[in-house]
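Structural characterization, general
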Protein chains: 2
Amino acid sequence: MNDFVFCAPTKVFFGKDTHKQAGSIVAGYGFKKIMLHFGGGSVKRNGVYDAVMDSLTSAGIEVVELGGVEPNPKMSLVRRGIALARETGVQLILALGGGSVIDSAKAIAVGTANEEDPALFFAKVAEPKAALPVGTILTLSAAGSEMSNSCVITNDETWEKRGLGSDFHRPLFSIMNPELTYTVDRWQTGCGIVDIMMHTLERYLTKESEMALTDRIAESILKTVVEYGRIAIDNPRDYEARAQLMWAGSLSHNGLTALGRDYFMCCHQIEHEISGMFDRVSHGAGLAVVFPAWCKFAYKHNIHRFAQYAVNVWNCEMNFAEPEKTALAGIRATEEFFASIGMPTRLSQLDIPEESIEELAWNTTFKGKRTLPGYGEYGKDEIIEILRLAL
Amino acid sequence: MNDFVFCAPTKVFFGKDTHKQAGSIVAGYGFKKIMLHFGGGSVKRNGVYDAVMDSLTSAGIEVVELGGVEPNPKMSLVRRGIALARETGVQLILALGGGSVIDSAKAIAVGTANEEDPALFFAKVAEPKAALPVGTILTLSAAGSEMSNSCVITNDETWEKRGLGSDFHRPLFSIMNPELTYTVDRWQTGCGIVDIMMHTLERYLTKESEMALTDRIAESILKTVVEYGRIAIDNPRDYEARAQLMWAGSLSHNGLTALGRDYFMCCHQIEHEISGMFDRVSHGAGLAVVFPAWCKFAYKHNIHRFAQYAVNVWNCEMNFAEPEKTALAGIRATEEFFASIGMPTRLSQLDIPEESIEELAWNTTFKGKRTLPGYGEYGKDEIIEILRLAL
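In this report, the structure presented in the accompanying data block is examined. Please read all numbers here as calculations on a predicted model, not as lab measurements. (Residues numbered from 1 in each chain as written. Chains lettered and ligands numbered in written order. Predicted model: local features only at pLDDT ≥ 70, side-chain atom pairs only at ≥ 80, totals over all residues. Heavy atoms only, no water.)

1. Digging into the relation of the copies chain A and chain B
Counted only if it meets this: Alignment of copies: least-squares fit on C-alpha atoms of residues with pLDDT of at least 70 in both copies. Here, residues are in contact when the closest pair of their heavy atoms is within 4.5 Å.
With an RMSD of 0.0 Å, the fit of chain A onto chain B corresponds to turning through 180 degrees and sliding 0.0 Å along the axis. What we have between these two chains is a two-fold relation. Of the C-alpha atoms belonging to chain A, the one lying closest to the rotation axis is found on A:P9, 1.9 Å away. In this assembly the copies share their binding face: 100% of the residues contributing to the interface of chain A also contribute to that of chain B.

2. Structural notes on the interface of chain A and chain B
For clarity, the threshold we go by: What gets called buried area is simply the loss in accessible area from a 1.4 Å probe that two parts show on being joined, summed for both. A pairing counts as a salt bridge when a side-chain nitrogen of Lys or Arg comes within 4 Å of a carboxyl oxygen of Asp or Glu. The definition of a polar contact used here is a pair of N or O atoms within 3.5 Å, where within protein one atom must be able to donate a hydrogen and the other to accept one, and adjacent residues in sequence count solely through side-chain atom pairs. Secondary structure elements are defined from DSSP: runs of H or I of at least 4 residues count as helices, runs of E of at least 2 residues count as strands, and each element is numbered from the N terminus.
Chain A puts 34 residues into the contact, and the matching count from chain B is 34 residues. For the pairing of chain A and chain B, the buried interface totals around 3,200 Å² over both sides, and the portion due to carbon and sulfur atoms is 64%. Among the residues of chain A in contact with chain B, A:M1, A:L213 and A:W247 are the three that bury the most area, contributing 20% of the side total. For the pair chain A and chain B, the number of links is zero salt bridges. At the boundary of chain A with chain B, the tally comes to 13 residue pairs in polar contact (both at pLDDT 80 or more). For the side of chain A that touches chain B, the secondary-structure elements that each account for two or more residues are β1 (4–14), α8 (212–234) and α9 (239–251) of chain A. Among the elements that take part in the side of chain A that touches chain B, β1(A) stands out by supplying 11 residues, more than any other.

3. Some points on the nonpolar core
Side chains of nonpolar character tend, in soluble globular proteins, to be buried together. Formally: Only buried Ala, Val, Leu, Ile, Met, Phe, Trp, Tyr and Cys residues count toward a nonpolar core, and they belong to the same one when joined by side-chain atoms within 4.5 Å. Only protein chains enter the accessibility calculation, which uses a 1.4 Å probe; a residue whose area is less than 20% of its type maximum is buried, one above 50% is exposed, and one in between is partly exposed.
Grouped together as the largest cluster of nonpolar side chains are 233 residues, with contacts concentrated most on A:W247, A:W294, B:W247 and B:W294. Among residues more than four places away in sequence, those in contact with B:W247 are A:F4, A:F6, A:M211, A:L213, A:L256, A:L259, B:V12, B:F14, B:M147 and B:M176. Judged by nonpolar contacts, the second largest core, of 23 residues, contains A:A22, A:F31, A:L92 and A:L180.

4. Let's talk about helix α5 (residues 99–113) of chain A
One full turn of an α-helix is made of 3.6 residues, so residues set three or four places apart face in the same direction. Note the threshold: Multiplying 1.5 Å by the helix residue count minus one yields the expected span of that helix.
If you check α5(A), its first and last C-alpha atoms are 21 Å apart, about what 15 residues at 1.5 Å a residue would give, namely 21 Å. The buried fraction of α5(A) is high, at 13 of 15 residues.

5. Regarding the packing of helix α7 (residues 186–204) of chain B against helix α8 (residues 212–234) of chain B
Residues and elements named next belong to chain B. Test applied: Axis lines are fitted to C-alpha atoms, over the contacting stretch for helices. Their N-to-C directions set the angle, which ranges from 0 to 180 degrees. Between 65 and 115 degrees an angle is taken as roughly perpendicular, under 35 as roughly parallel, over 145 as roughly antiparallel, and anywhere else as oblique. Amino acid classes used here: Ala, Val, Leu, Ile, Met, Phe, Trp, Tyr, Cys and Pro are nonpolar; Asp, Glu, Lys and Arg are charged; the rest, including Gly, are polar.
One way to put it is that α7 packs onto α8 with a least axis distance of 10 Å and a crossing angle of 170 degrees. With respect to each other, α7 and α8 are oriented roughly antiparallel. Residues R186, T189, G190, I193, I196, M197, T200, L201 and Y204 of α7 pack against D215, A218, E219, I221, L222, V225, V226, G229, A232 and I233 of α8. Classifying every residue of the contact of α7 with α8 by side-chain character gives 12 nonpolar, four polar and three charged.

6. Some thoughts on the packing of helix α10 (residues 266–277) of chain A against helix α11 (residues 283–298) of chain A
Residues and elements named next belong to chain A. As a reminder, the rule being used: Each crossing is labelled by how the near helix is turned from the far one, with a counterclockwise turn of less than a right angle marking it left-handed and a clockwise turn marking it right-handed.
Taken N-terminus to C-terminus, the directions of α10 and α11 make an angle of 130 degrees; their axes are 9 Å apart at the nearest point. On the basis of their axis angle, the class for α10 and α11 is oblique. When the axes of α10 and α11 are compared, the crossing they make is right-handed. Contact residues: C266, C267, H268, I270, E271, H272 and I274 in α10; H283, G286, L287, V290, F291 and W294 in α11. By residue class, the composition of the contact of α10 with α11 is eight nonpolar, four polar and one charged.

7. A word on the pairing of strand β4 (residues 92–97) of chain A
Residues and elements named next belong to chain A. Definition in use: Two strands pair if DSSP finds at least two bridges between them.
The element β4 is largely enclosed, with a buried count of six among its six residues. What you see with β4 is no split at all: L92, L94 and L96 on one side and I93, A95 and G97 on the other are buried throughout. Two strands pair when backbone bridges link them, and strand β2 (residues 33–38) and β4 are joined in this way by five bridges, in the parallel orientation. The residue bridging H37 from the neighbouring strand is A95, located in β4. As paired strands, β4 and strand β5 (residues 134–138) are joined by five bridges and run parallel to one another. Bridging from a neighbouring strand, I93 pairs with V134 of β5.

Function-wise, these values are silent; they only describe arrangement.
Encoded structure:
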């Protein structure tokens, strides 16, 4: 087991109608003036925005509003948010939405509290030294941003999509009402299921480091997401299924599933380039294409770990004589599951032509400036090979 | 799934030699003067005390010392600690030890920051409104107090052993080096294994509330503790085994294993009375006696849950025609495991005579002032019946 530091201090308010407690929760922390940050029309159409605003104003909270966050949230809106936060002197950025809204809120929180251009933090040229507090009201089970220290923003000048990890912007609190995800459609539910699984899988299918408890917890999350993901796809208003997915999403990305282990996140890096270049691509759908391809490229470097995944998550029979067959059965089971919940597993299903592969791979290496960690270091050639396995 | 609030903000520094970082960690929080609280001679004999003191003084931390914590920590020492903390104006209580030392530190932290007699908080007559910050350097995997919000103190005037749950005294940070537990003897290692399992089991074997992810995580902890507990008993210097037990101990009691479920903790309540009346009894050993008895009393009220425990934790074959047999097989497996690691499973092995049962049961009800929650409410008669099953 590797040494580790773990701190996941976000306070979680989980359950039915919890979004209606937003006002008392915010007031309980002593905040008086906040920014409510949200996306497009869905929270307005389904009444969630009204319920949250009622709760906040009834508690005497002064609210500055900033809507308009898009999927793959953009730096231009982050800059507007920073200007607005400074101008109005808000004390908290409250994100009402899914991962895109929360990530945008985190970037605003960091950008407001530091003098540097926020793009420098994402380019890793500068490091943030503080952030405004962030709270969330979650409406989508997927990104895990509600308990994580990471955020991903697309620079809409360069179309580079980059992540920033910082404990400063980890949410102070997150309000999670699974009922708010009843209206998430089949496609977005599927994308969320893949994203949750991938946050766990990229920490699980890694190099050797014996860490039994972390492995068992990772397998717990994966099995739960598969079981209840199927139910949520078939019956979007099943509270239990929506609740299991929501809590699994948070635990998958708050650090718990990586403790004592190294990890790569290289499928995420490749996918960020895909949805950075092709803005129409949902992150989860991109991951569903990249992951099986990466598995086929990578599994031979750690056959018994892929076999463990197959047996412990997918209930495959262990082939003790030929463990490779078990490893492959687990990859196949994953692809079949993704397909069964309506996810693509090939680049063609994302309308990404073969001709784009070379540019995608080159961009993933930041034009030759980095390699990706994996079983070995992946440069342009290896990423091309992975992406060709997704054709 | 029940609604829940979850917050486990303790920052964990886990790994080899981490106790030597105590000074830089304490200084990093800005503390300049602290109380170092510890037990008897073991930390002095094995060099841990010296290493921690070196680290603290090298970092310029002024240290006020208070040793002498006994197993089943006593209110009289807590009172001395409170007086000393007030007199010296320390900013942090740093516990160096196991659950007893940490619980004593928590009680001092609460007592110092409130005007009331601390015994009133444990008697539930008053509620604390603050606490000094608490840090821990863990030397025993058992109580889980290093991440929990609970503490248990024995009043050595009345010999009542009572718990106090409060987020105020939840540790700010915990330093966990599994190597510090290499010198824990076979008996105390066994007691710790039982205590860790019981913190999870008392949250798991409860009334109905579907909560798959919490169940899977609880089973993960239990399976890991059984697997690595056996190794640690046989080879006390196996780092991996000691590390798995240590991290399992923290996760078992930080709240994670109860989310979305009701729970009882009634075996703990009965055991507190046993080790309160018979100070020689170790908490874990008392639990190893009470738990199988409680299972035999309780399992018929939830046969399929006890069967789930048998199958998912002990790999028992499910008897679909007669699930009761599977439930009983799980209870038997637990008893056999406890015995295999040198734990008692009968009152006689604790030298507790049958004649004490009535008084124990009466005291557990606080002399008729409370019942215990379980499958139904347990009064004196039910507790007598449970204890008789431990004869």
